[in-house]
Amino acid sequence: MFRKVLVANRGEIALRVLNACRELGIRTVAVYSEADRNSLHVRYADEAICIGPPRLSDSYLNVPAVISAAEIADVDAIHPGYGLLSENANFAEVCRASNIKFIGPPPEITRLMGEKEKARQAMKKAKVPILPGSDGIIDTVDEAQEWARKVGFPVILKAKAGGGGRGMRIVRKAEDLPNLFHAAFSEAANAFGNGELYMEKFIENPRHIEFQMLADEHGNVASLFERECSIQRRHQKLIEEAPSLQVKPKLREELGRTLCRCLSEIGYQNAGTVEFLMDEDKHLHFIEMNTRVQVEHPITEAITGVDIVKAQLRIASGERLDAILPAKLEVHGHAIECRINAEHPVKFTPSAGKITAWNVPGGNGVRVDTAQYAEGVVPPYYDSLIAKLVTHGCDRAEAIAKMERALGQFVVQGIDTSISMHESIMREPDYRSGNFDTSFMERFLAPKKTE
Ligand code: MV4
């Protein structure tokens, strides 16, 4: 096992990784920006190194600063958490060149999955179901028209370098294609420095379902089942749950097995998440793969009993999956995560400032991952997630009841939070019945009609 690990992140995920290291007997190094001097990750780590001014590009995203800290502290490995440098193949390459283990897949795999069209072809080759669409990059409008005729409208143009919905255009009829092709291309070229596009059949109001995978460095792969992530707004997830009500045991098992074989063939390593869209016939179609630990990993931990971050550390130190996982993985009960953001519950405007009152719920089946505390400050420079409230019940109804109870006990004063929004979602009949897809929030936020 590693002797010393640097955590290249902040907030709740930095604490999550520091705690896992502590429990495994690994020494820890935190890095922090000038805005995070008083942050808990600085206090929880054995050592802490300031890596620059508040702005992300000057600190947490500054590769030379992070690598220098790792060399000065003489660490064996770096855990990137999520976001920031976690899916940066160049960073993983610099780690390799500096003889520091990057806790995640090798840079070649991160690069493959970052090129969405290549990832799509790799999945197709391994018999993972993908949507009808283009074989590779589309260079011209004429070529796009040809594929669209073949696939049938509506289609969606996506950026090869895409993510977060940028460089995407839905095309409903042939005459709209030229304008939308050029719009998607220039948006992608501006956002990613690469405008290349591919095409897929467009699925109207899909559900977003993802599979949590773990792969060791000896070719063994396991599926930790799926999460339902359809409650989102503008590509920001708000509520996730595991398992999905829509995925029946047979589909869970068969797709899980297919994904294990696929990731083994590709040579995948460490934790990863394979994203799917579910159509109205409840068929799942691959869209992309994330090569990091995800924000919502705790719901999978709740239903499987597997500590995913410890598994990441143990895999990266060379351990085999059969030594890390129970003999048989099973779904135990139901878990829900509400992301508590420092933002207005209706307008979604970010809210920074000092937390003047703070009470965190607890008790059986309630987990709160947070780096905030009473009298602490939410700086304006970073993402708005301040806590993850996770409940685990014997079934979905119990998980919801615990969530309603815990949300009612969660007190945050001094800044706006999304707690009250979550309370009203929990009361929605369509949420309670599980009758929702990715369009749920649009309907939830639309002005309410009165009879
Ligand atoms: C799609 C789609 C419908 N059909 N692809 C949005 C972000 C990117 N990761 C993939 N996205 C979508 N791809 C096809 N062929 C609809 C979306 C989409 C979406 C996907 C997951 C969760 C929320 C979403 C919200 C709007 C659109």
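Starting afresh in each chain, residues are numbered from 1 along the sequence in its written order. For this predicted model, a pLDDT threshold of at least 70 governs which residues receive local features, and a threshold of 80 or more governs which side-chain atom pairs are given and counted, while totals over whole chains, interfaces and linings are taken from all residues. Hydrogens and waters are ignored; side-chain quantities use all the structure's heavy atoms.

A short note on the domain arrangement of the protein
- Boundaries of every domain are those given by an automatic assignment or by a domain database. Annotation of the protein at the domain level lists domain 1 (4-103), domain 2 (132-201) and domain 3 (207-445).
- Computed over C-alpha atoms, the centres of domain 2 and domain 3 are 30 Å apart.

Some remarks on the sheet that holds strand β9 (residues 207-215)
- Strands are treated as partners if at least two bridges between them are detected by DSSP. Put simply, DSSP H or I for four residues or longer makes a helix, DSSP E for two residues or longer makes a strand, and each gets a number counted from the N terminus. Read from one edge to the other, the open sheet built from eight strands follows the order β13-β12-β9-β10-β11-β14-β19-β17, with strand pairing classed as antiparallel. Edge positions in the open sheet fall to β13 (284-290) and β17 (366-370), since each of these has one partner strand only. Each neighbouring strand pair of the sheet contributes to a mean axis angle of 25°, computed without reference to strand direction.
- As paired strands, strand β10 (residues 221-233) and strand β11 (residues 236-242) are joined by four bridges and run antiparallel to one another. Paired with Gln 232 across the two strands is Lys 237, which belongs to β11.
- Any two residues having at least one pair of non-hydrogen atoms within 4.5 Å are treated as being in contact. Angles shown run from 0 to 180 degrees and are taken between the N-to-C directions of axes, each axis being a line fitted to C-alpha atoms and, for helices, limited to the stretch in contact. Against the sheet, helix α10 (residues 297-304) contacts β9, β10, β11, β14 (334-341), β17 and β19 (385-393), and its axis sits at roughly 155° relative to β14.

Describing the packing of aromatic side chains
- Two rings belonging to Phe, Tyr or Trp (six-membered ring only in the last case) form a pair when the distance between their centres is within 6.5 Å. Interplanar angles under 30 degrees mark stacking, angles over 60 mark edge-to-face geometry, and anything in between is tilted. The tally for this structure, following the rule as stated, stands at nine aromatic pairs.
- Between Tyr 431 and Phe 436, the ring centres sit 5.5 Å apart and the planes meet at 10°, which makes this aromatic pair stacked. We note that Tyr 431, like Phe 436, is buried.
- Through pairs of rings, three or more aromatic residues link up here, namely Tyr 431, Phe 436, Phe 440 and Phe 444.
- The ring of Trp 147 has Lys 150 sitting right over it, with the charged end atom 4.5 Å from the ring centre.
- Geometrically, a lysine NZ or arginine CZ counts as sitting over a ring once it is within 6 Å of the ring centre and also within 35 degrees of the ring normal. Sitting above the plane of the Phe 348 ring, Arg 233 keeps its charged end 3.9 Å from the centroid. Relative accessibility thresholds used throughout: buried, under 20% of the residue-type maximum; exposed, over 50%; partly exposed, between the two (1.4 Å probe, protein chains only).

Quick notes on the sheet that holds strand β3 (residues 47-52)
- Ordered by their spatial adjacency, five strands build an open sheet running β3-β2-β1-β4-β5, and the pairing between neighbours is parallel. Strand pairing shows two members of the sheet lacking a second neighbour, β3 and β5 (101-102), which therefore form its edges.
- Of the pairings in the sheet, the one linking strand β4 (residues 77-79) to β5 comprises two bridges and is parallel in character. Residue pairing across strands places Ile 78 opposite Phe 102, the latter belonging to β5.
- Sheet contacts for helix α3 (residues 63-73): β1 (4-7), β2 (27-33), β3 and β4; angle to β3, the most-contacted strand, approximately 150°.

Remarks on the pattern of salt bridges
- Any Lys or Arg side-chain nitrogen found within 4 Å of a carboxyl oxygen on Asp or Glu counts as a salt bridge. By the definition in use, this model includes 44 salt bridges.
- Measuring nitrogen to oxygen at the nearest pair gives 2.4 Å for the salt bridge that ties Glu 87 to Arg 292. Of this pair, Glu 87 sits in the loop between β4 and α4 (89-97) while Arg 292 sits in the loop between β13 and α10, and the two are 205 residues apart along the sequence.
- Between Arg 169 and Glu 187 there is a salt bridge, with its nearest N and O atoms 2.6 Å apart. Note that Arg 169 is positioned in strand β7 (residues 169-171) and Glu 187 in helix α8 (residues 177-192), a separation of 18 residues in sequence.
- Take Arg 169: its relative accessible area is 21%, and that puts it in the partly exposed class.
- Residues joined by salt bridges that share partners form a network here, namely Arg 16, Glu 23, Glu 301, Asp 307, Lys 310, Arg 367 and Asp 369.

Thoughts on the nonpolar core
- In plain words, nonpolar cores are sets of buried Ala, Val, Leu, Ile, Met, Phe, Trp, Tyr and Cys residues tied together by side-chain atoms within 4.5 Å. The biggest cluster of nonpolar side chains holds 37 residues, and the ones touching the most others in it are Val 5, Leu 214, Leu 313 and Leu 325.
- When contributions to this core are tallied by element, the ones reaching two or more residues are β1, α1 (11-23), β10, α11 (308-316) and α12 (321-324).
- Counting residues per element, this core draws most heavily on α1, which supplies seven residues.
- Counting contributing residues per domain, this core is built from domain 1 (4-103) and domain 3 (207-445), each supplying no fewer than three.
- With residues up to four places along the chain from it excluded, the contact list for Leu 313 reads Met 1, Phe 2, Val 5, Ala 20, Cys 21, Leu 24, Ile 26 and Ile 103.
- Core analysis: the next-biggest nonpolar cluster, separate from the first, contains 32 residues, Phe 348, Ile 425, Tyr 431 and Phe 440 among them.

Regarding the site of the ligand
- What makes a residue near a molecule or strand is one non-hydrogen atom of that residue sitting within 4 Å of it. In the region of the ligand, 15 residues are neighbours, and Lys 158, Glu 200, Lys 201, Ile 203 and Glu 288 sit closest.
- Two N or O atoms form a polar contact when they lie within 3.5 Å of each other; inside protein one atom must be a possible hydrogen donor and the other a possible acceptor, and for residues adjacent in sequence the pair counts only when both atoms belong to side chains. Measuring from a nitrogen atom of the ligand, one finds a side-chain N or O atom of Glu 200 at 2.9 Å.
- Residue Ile 203 places a main-chain N or O atom 2.9 Å away from a nitrogen atom belonging to the ligand.
- Expressed as a share of its isolated accessible area of 520 Å², the protein-covered part of the ligand is 87%.
- When contributions to the shell around the ligand are tallied by element, the ones reaching two or more residues are β6 (155-159), β8 (197-201) and β13.
- The two domains that each donate at least three residues to the shell around the ligand are domain 2 (132-201) and domain 3 (207-445). Using the Shrake-Rupley algorithm and a 1.4 Å probe, accessible areas are obtained, with residue cover drawn only from the displayed protein chains.

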